[in-house]
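# Coordinate inspection notes
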Amino acid sequence: MAKVNVALIGQGFMGRSHSNAWGQVNKFFKPPVQAVMHTVFGQAEENPAAFAANWGWQHAATDWEAVVRSPEIGLVDVVTPNYMHAPVAKAAIAAGKPCACEKPIAGSLADARAMVEAARKAGVKTFVWFNYRRCPAVGLAHQLVKQGKLGEIRHVRAAYWQDWAGGAVPLLWRFDKNLAGSGAHGDLNAHIIDVTRFVTGQEIVEIAGAIAETFIKERTLPAGVAAGGIAAGRAGTAAKGRVTVDDTVLFLARFSGGAVASFEAARQATGNQNRNTFELNGTKGSVKFDFERMNELEYYDATLPRAVQGWSTLMCTHGGDHPYVANWWPDAHIIGYEHGFTNQAYDILRVLGGQEPTLPIPDFNDAYQTQRVLEAALISASERRMVKLDEVQ
Ligand SMILES: NC(=O)c1ccc[n+]([C@@H]2O[C@H](COP(=O)([O-])OP(=O)(O)OC[C@H]3O[C@@H](n4cnc5c(N)ncnc54)[C@H](O)[C@@H]3O)[C@@H](O)[C@H]2O)c1
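Attention in this report is confined to the structure presented alongside it.

Procedures and definitions
Residues numbered from 1 in each chain as written. Predicted model: local features only at pLDDT ≥ 70, side-chain atom pairs only at ≥ 80, totals over all residues. Heavy atoms only, no water. Helix = DSSP H or I, 4+ residues; strand = E, 2+ residues; numbered from the N terminus. Rg over C-alpha atoms; globule rule 2.2 N^0.38 Å. Contact = heavy atoms within 4.5 Å. Areas by Shrake-Rupley, 256 points an atom, 1.4 Å probe, with all protein chains shown as cover. Lys, Arg positive; Asp, Glu negative; His and termini not counted. Charge placed at Lys NZ, Arg CZ, Asp CG, Glu CD. Near = heavy atom within 4 Å. Polar contact = N/O pair within 3.5 Å; in protein donor to acceptor, adjacent residues only side chain to side chain. Nonpolar A, V, L, I, M, F, W, Y, C, P; charged D, E, K, R; others polar. Pairing = 2+ DSSP bridges. Salt bridge = Lys/Arg side-chain N within 4 Å of Asp/Glu carboxyl O. Buried < 20%, exposed > 50% of the residue type's maximum accessible area, 1.4 Å probe, protein only. Expected span 1.5 Å × (residues − 1). Core = buried A, V, L, I, M, F, W, Y, C linked by side-chain atoms within 4.5 Å.

### Comments concerning the overall build of the protein
For the protein, the count of helices and strands is 10 helices and 17 strands. Taking 393 residues into account, the globule formula puts the C-alpha radius of gyration at 21 Å, and the protein, at 21 Å, falls close to it. Along the first, second and third principal axes, the C-alpha atoms of the protein reach 65 × 50 × 40 Å. Here the analysis covers contacts within the protein between residues at least 6 apart in sequence; of these, 70% occur between residues at least 24 apart. Summed over its atoms, the accessible surface of the protein is roughly 16,100 Å², and 51% of this surface lies on carbon and sulfur atoms. Across the protein, 38 positive and 38 negative side-chain charges occur, with their mean positions spaced 2 Å apart.

### Looking at the site of the ligand
The environment of the ligand is formed by 26 residues, the closest being Gln11, Glu46, Asn82, Tyr83 and Asn131. Contact between the ligand and Glu46: an oxygen atom at 2.3 Å from a side-chain N or O atom of the residue. Contact between the ligand and His191: an oxygen atom at 3.1 Å from a side-chain N or O atom of the residue. Coverage of the ligand by the protein chains reaches 90% of its 840 Å² of free accessible surface. Contributing elements (two or more residues each) for the shell around the ligand: α1 (13-28) and α9 (337-352). Per-class residue counts for the shell around the ligand are 13 nonpolar, nine polar and four charged.

### Re the pairing of strand β12 (residues 260-266)
Each regular strand shows side chains that alternate between the opposite faces of the sheet. Strand direction decides the pairing type here: strand β7 (residues 153-161) and β12, joined by seven bridges, are parallel. If you follow Ala159 over to β12, its bridge partner there is Glu264. When strand β11 (residues 248-255) meets β12, the two strands line up antiparallel, connected through seven bridges. Within β12, the position partnered with Val249 by the bridge is Ala265.

### A look at the sheet that holds strand β15 (residues 296-301)
Taken in spatial order, the nine strands make up an open sheet running β16-β15-β14-β13-β7-β12-β11-β8-β17, and their pairing is mixed. Where the open sheet ends on each side, the last strands, each with one partner, are β16 (311-315) and β17 (387-388). Note that β15 and β16 share five bridges and pair antiparallel. Counterpart to Leu297 in the pairing with β16 is Leu314.

### Concerning the pattern of salt bridges
Within this structure, the stated rule accounts for 18 salt bridges. Taking the shortest distance from any N to any O, the salt bridge between Asp187 and Arg174 comes out at 3.7 Å. Taken together, the residues span a long stretch of sequence, with Asp187 in helix α8 (residues 184-200) and Arg174 in the loop between β7 and α7 (177-180) at a distance of 13 residues. By relative accessible area, which is 13% here, Arg174 ends up buried. Note that Arg385 and Glu391 form a salt bridge whose closest N and O atoms lie 3.0 Å from each other. A network of salt bridges, in which partner residues are shared, links Arg133, Asp194, Arg197, Glu203 and Asp366.

### Some details on helix α10 (residues 364-383)
Across its 20 residues, α10 extends 28 Å between first and last C-alpha, which sits within 8% of the 28 Å expected from 1.5 Å per residue. Of all 20 residues making up α10, 15 are buried, and the element is well covered by its neighbours. In the segment just after α10, Arg384 is the residue with positive phi, at about 50°.

### Side note on unusual backbone geometry
Here Lys103 and Pro104 are connected by a cis peptide whose omega angle stands at -15°. The phi dihedral of Ala332 is positive, around 65°, even though this residue is not glycine. Looking at the element boundaries, Ala332 is found in the loop between β16 and α9. Judged by its relative accessible area of 44%, Ala332 falls in the partly exposed class.

### Thoughts on the nonpolar core
Formed by 112 residues in total, the largest nonpolar core has its most connected members in Trp22, Ile207, Phe251, Phe263, Phe278 and Phe364. When residues of this core are assigned to their parent elements, the largest contribution, nine residues, is made by α10. Leave out the neighbours within four places in its chain, and Phe364 touches Ala89, Ile93, Cys99, Cys101, Ile105, Met115, Val116, Ala119, Thr126, Phe127 and Val128. Listed in part, the nine residues of the second largest apolar core include Leu171, Phe175, Val243 and Val245.

This is the structure:
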């Protein structure tokens, strides 16, 4: 059996979710190449040796450059803050290694472009962890659109709301433009731009208008290191620093097939903890997805006799009929957040083994298209004007 030695660069929230995925994937799936949990990198104060022992990594390291260069490593998985994506990915690519990177692909469009260019020149395989594509219900929505079940799509409505970023949360890297690139926008809109591009099969061609706001302009400087959640466990010190990213960005857009769309990302949408949603309305039907009920897809079939038309709640847990499910549990034995990452790890291993992924998987170039939309929306918000995507290359 072919094997690939994985190096994980970072051990925070995504470090935990990816460690879980790499630890599960060979057990639940039969990938053509098996993942070996070779080395995890963390900052010394995070105690990478303890992290490695807990999650099953064979080695722990505090020098990511040496890890990435090591001839023993066959796949580099990047789960650092956004500004570190480009240096780590470029080093991996320079060493000829396939690279899987967390989203957004980078903090800036220039960094994203450099990553795409480096991967193209080196001819290495790349992947971006837009994990919500790997929810079976989202996969079903993609398949229904592809089969023409929705007809022509007229409206796309997507919103990703969280509520963790109250005033007591310290100035984590997520609030610093130099480290994150943007705030809720790159964090949350990136996901729903990717998911709606994936489900509709269309590109966003124009931003009609956008609004960005930062409600909390100053926060206490954080004490301690990444605690494995978004903000949980991070205390503040007495000193304060300035927030340099948005708390919320809303924008209107047009898709290449003519649909009009609205997008909303917010971190202070009280009561909405991880409310990642989209709704598509087509001439023959509609779908609705809400990650807080991730095993379900709402479907409205407008081709049925009018007397029996109505919203159906499809439980997307039928192995063989819904993607990835056959490898998990029997019907209606539902799955959760972590399964999306294991499903993606499986598809990465399929691609490394020369097979097609279960569902299309974004590479650096694909994620760069999402980054262009993020950039166009920020230009639209700051210059208060419509922005054609052709302007943003
Ligand atoms: N796919 C998703 O749903 C999802 C969810 C959360 C985060 N993310 C993405 O994953 C990446 C990591 O986010 P996270 O929530 O795991 O962050 P985190 O703060 O929990 O962990 C960051 C890790 O990066 C390491 N690191 C390396 N260099 C660093 C530096 N100079 N400063 C700070 N940390 C450094 C830290 O040691 C830490 O282990 C980000 O790109 C983020 O956007 C994706």
